[in-house]
Amino acid sequence: MPGHARSLQVPALNLLSAALLAAALAAALACAAAAQAAPVANVLEAARAQEQPMLDTMRDLVGIESGSKDVEGVEQIAKLVHDRLKALGGTVEILPPTDVYRMDDTPEKTGPMVHAEFKGSGKKKIMLIAHMDTVYRNGMLKDQPFRVDGERAYGLGIADDKQGVALIIHTISTLQKLGFKDFGTLTVLVNGDEEISSPGARSTITRMAADQDAVFSFEGGGTTGDLRLATSGIGSAYLTVQGKTSHAGSRPEGGVNALYELAHQVLQMKDLSKPDDGLKLNWTVAQAGTNRNVIPGQATAQADARALKVEDFDALEKALQERIQKKLLPESKVSLKFEVRRPPLSATPASRALAQHGATIYKELDMEMKVLDRATGGGTDAAFAALKARGPVVEGMGLSGFGAHSNDAEYVQIKSIVPRLYLATRIIMDLSQDKVQGQ
């Protein structure tokens, strides 16, 4: 019987040893995962120390009215941004708009940009962009000043995009508090005419971004703080028909009805959208005539266009120009103008890798962050940066918030300040030290 006892004990001991080994391995893996996911303590502490100063900066920025067409207001806020960046040791200049891209609604004069550079001891070139203009009319501030209500900070333009300007300033301040200089160059460009499609800044954004290893755009991250790698391009079509007026009752045959021709033109262009390819053309505004009893001598229409590829806009414009040659009334004159208000932004393998690295950084704070790599509408200066960029472009680095362009409802979530400062600081540090895979 002793032999039987031994034969029973050996498997029991093996099972016990295996169970203990599995438990030990699981514990070790859990510890390793926990260690990997832990936030970098000094970076998190430095980010926390910037929360109230950043709130103060947003208050100061909101306190200056800077509607896109209020050039004096934009110049005033540009001076504030210039001084803050200069105080941090940057080489800073206020740039007037150059090579202005004239669109249908471009004002005679647009606001300036603020350009700053910070030199480090490394090699990586990193660019941070935001905009300081808003959609609001001058005079609205007195009834809607900056205010904090619970976990929200309200203000005109605070989410779009004064928080982005403040976040850039305080990210640089955080890096300085940490004594981090392993980047080659940190370039900052703050735009003053973004809300009117960046007519004066677009060429500067494209030129400066072309030489960067990465570009981060600090538009807001929405209510959920997602990073965005793709946006639709925005275009506009303007159709003009010249006819001939005549009395609508006694001599209609003496006129050339511009409204008839306009209707014909719009209807024959209704099939140019390709929704499956992300190409959309929708006629949204039309005007014709002056009086009920007058054959209209002129008619106009406007269309909104969206595309996921720059070449789709080129093909669409060509198709539009071909269609207007087919007229209902031979005596009418038809012309069409097409403008690209913003090019599309497309995801790349490099931008996906960089954004996913950002999501990993967020996990250190036990927070989830989605990376959206399909176009979600809207438009962004990041698309101008991506036109000739050799490095990845990531949009949505800004604070979580809501109510952009909404009267008395625009806010940012205060609790997103520290996580977003931590994200921006850490991703710049990792990129500078070649710790981001796929870059």
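As shown above, the structure is provided for reference.
Scoring rules and cut-offs
Position numbers for residues count from 1 along each chain, tracking the sequence in the order it is written. Local features are withheld for residues below a pLDDT of 70 in this predicted model, meaning they are given only at 70 or higher, and side-chain atom pairs are given and counted only at 80 or more; totals for whole chains, interfaces and linings count all residues. With hydrogens and water stripped out, all remaining heavy atoms of the structure feed into the side-chain values. Strands are labelled as partners when DSSP assigns at least two bridges between them. Working definition: helices are DSSP H or I runs of at least four residues, strands are E runs of at least two. Numbering for both runs from the N terminus. Axis angles are defined between N-to-C directions and span 0 to 180 degrees, where every axis is a line fitted to C-alpha atoms and, for a helix, only to the segment in contact. Contacts: residue pairs with any heavy atoms within 4.5 Å of one another. Working definition of a nonpolar core: buried Ala, Val, Leu, Ile, Met, Phe, Trp, Tyr and Cys residues. They are joined through side-chain atoms within 4.5 Å. Only protein chains enter the accessibility calculation, which uses a 1.4 Å probe; a residue whose area is less than 20% of its type maximum is buried, one above 50% is exposed, and one in between is partly exposed. Each angle gets one of four labels, with under 35 degrees taken as roughly parallel, over 145 as roughly antiparallel, 65 to 115 as roughly perpendicular, and the rest as oblique. Helix crossings fall into two classes, left-handed where the near helix is turned counterclockwise from the far one by less than a right angle and right-handed where it is turned clockwise. Polar here means any residue outside two lists: the nonpolar Ala, Val, Leu, Ile, Met, Phe, Trp, Tyr, Cys and Pro, and the charged Asp, Glu, Lys and Arg; Gly therefore counts as polar. Here the expected length of a helix is defined as 1.5 Å per residue gap, with one fewer gap than residues. By convention in these notes, a salt bridge is any Lys or Arg side-chain nitrogen within 4 Å of a carboxyl oxygen on Asp or Glu.

Asks: Can you explain the sheet that holds strand E14 (residues 333-342)? Please cite residues and give values.
Replies: Backbone hydrogen bonds hold the strands of a sheet together, and the pairing may be parallel or antiparallel. Pairing within the open sheet is antiparallel, and its 4 strands lie in the order E11-E13-E9-E14. Bordering the open sheet on either side are strand E11 (280-288) and E14, each of which pairs with just one other strand. In this sheet, neighbouring strand axes are inclined to one another by 15 degrees on average, regardless of whether the strands run parallel or antiparallel. Of the strands in this sheet, strand E9 (233-242), E11, strand E13 (298-307) and E14 touch helix H7 (residues 258-268), which is tilted by about 15 degrees from E13.

Asks: How would you explain the nonpolar core if you had to name every residue and give the values?
Replies: Ranked by internal contacts, the top residues of the largest apolar core, which has 70 residues, are Leu85 and Phe216. Broken down by element, the residue count for this core peaks at 10 residues, all from helix H11 (residues 417-432). Ignoring sequence-local partners within four residues, the contact set of Leu85 consists of Gly90, Val92, Val114, Ala116, Phe118, Ile169, Ile172 and Val188. Residues Val241, Leu279, Val334 and Leu336 belong to the second largest nonpolar core, which totals 23 residues.

Asks: Go over the packing of helix H3 (residues 51-62) against helix H5 (residues 158-177) with me, naming the residues and quoting the values.
Replies: Across the interface, H3 lies against H5 with an axial gap of 9 Å and an inter-helix angle of 130 degrees. On the basis of the axis angle, H3 is oblique to H5. Note on packing geometry: the crossing formed by H3 with H5 is right-handed. From H3, Pro53, Met54, Thr57, Met58, Leu61 and Val62 reach across to H5, where they touch Ile158, Lys162, Gln163, Val165, Ala166, Leu167, Ile169 and His170. For the contact of H3 with H5, a count of residues per class yields 10 nonpolar, 3 polar and 1 charged.

Asks: A description of the pairing of E13 should follow, citing residues and the corresponding values.
Replies: Only one face of E13 is buried: it carries Ala299, Ala301, Ala303, Ala305 and Ala307, and the other face, with Gln298, Thr300, Gln302, Asp304 and Arg306, is open. Bridge count between E9 and E13: 10 bridges; the pairing is antiparallel. Bridge pairing in E13 links Leu239 to Ala301. Sheet analysis places E11 next to E13, joined by 8 bridges and oriented antiparallel. Opposite Asn282, over in E13, you have Asp304 as the bridge partner.

Asks: Before we move on, could you go through the packing of H5 against H11 and cite the residues and values that matter?
Replies: Where H5 contacts H11, the two axes come as close as 9 Å, and the packing angle between them is 60 degrees. Regarding the angle of H5 to H11, the classification is oblique. For H5 against H11, the interelement crossing comes out right-handed. On H11, the residues touching Leu167, His170, Thr171, Thr174 and Leu175 of H5 are Arg420, Leu421, Ala424, Thr425, Ile428 and Met429.

Asks: Before we move on, could you go through helix H8 (residues 310-323) and cite the residues and values that matter?
Replies: Over its 14 residues, H8 extends 21 Å from the first C-alpha to the last, a length consistent with the 20 Å expected when each residue adds 1.5 Å. Along its buried surface, H8 packs onto E9, H7, E11, E13 and E14.

Asks: Would you mind going over helix H6 (residues 202-209) in detail, with residue names and values included?
Replies: The buried fraction of H6 amounts to 6 of the 8 residues, a majority that puts the element mostly inside the structure. Within the sequence span of H6, burial applies to Arg202, Thr204, Ile205, Thr206, Met208 and Ala209.

Asks: Explain the environment of Ser346 to me, and be specific about the residues and the numbers.
Replies: By the secondary structure assignment, Ser346 is in the loop between E14 and helix H9 (349-363). The class of Ser346 is partly exposed, set by a relative accessible area of 43%. Along the primary structure Ser346 and Gly255 are separated by 91 residues, whereas in three dimensions their C-alpha atoms are 49 Å apart. Setting aside chain neighbours within four positions, we find Ser346 in contact with Leu229, Ala230 and Leu308.

Asks: Summarise the pattern of salt bridges; cite the residues concerned and give the values.
Replies: Taken as a whole and assessed by the stated rule, the structure comprises 22 salt bridges. The residue Asp149 makes a salt bridge to Arg147 at a minimum N-O spacing of 3.8 Å. In this structure Arg147 comes out as partly exposed when scored by relative accessible area, which is 34%. We note a salt bridge from Arg306 to Asp304, for which the minimum N-O separation is 3.0 Å.

Asks: Pulling in residues and values, what's your account of the sheet that holds strand E6 (residues 185-191)?
Replies: The sheet built from 6 strands is open, its strands ordered E1-E2-E6-E3-E7-E16 with mixed pairing. Each edge of the open sheet carries a strand with a single partner, namely strand E1 (91-95) and strand E16 (393-394). Examined bridge by bridge, strand E2 (residues 113-119) and E6 share 6 bridges and lie antiparallel to one another. Of the residues in E6, the one forming a bridge with Val114 is Val190. Helix H4 (residues 71-87) rests against E1, E2 and E6 of the sheet, and its axis sits at about 170 degrees to E1. Where H6 meets the sheet, its contacts fall on E1, E2, strand E3 (125-131), E6 and strand E7 (214-217), and the angle it forms with E6 comes to roughly 170 degrees.

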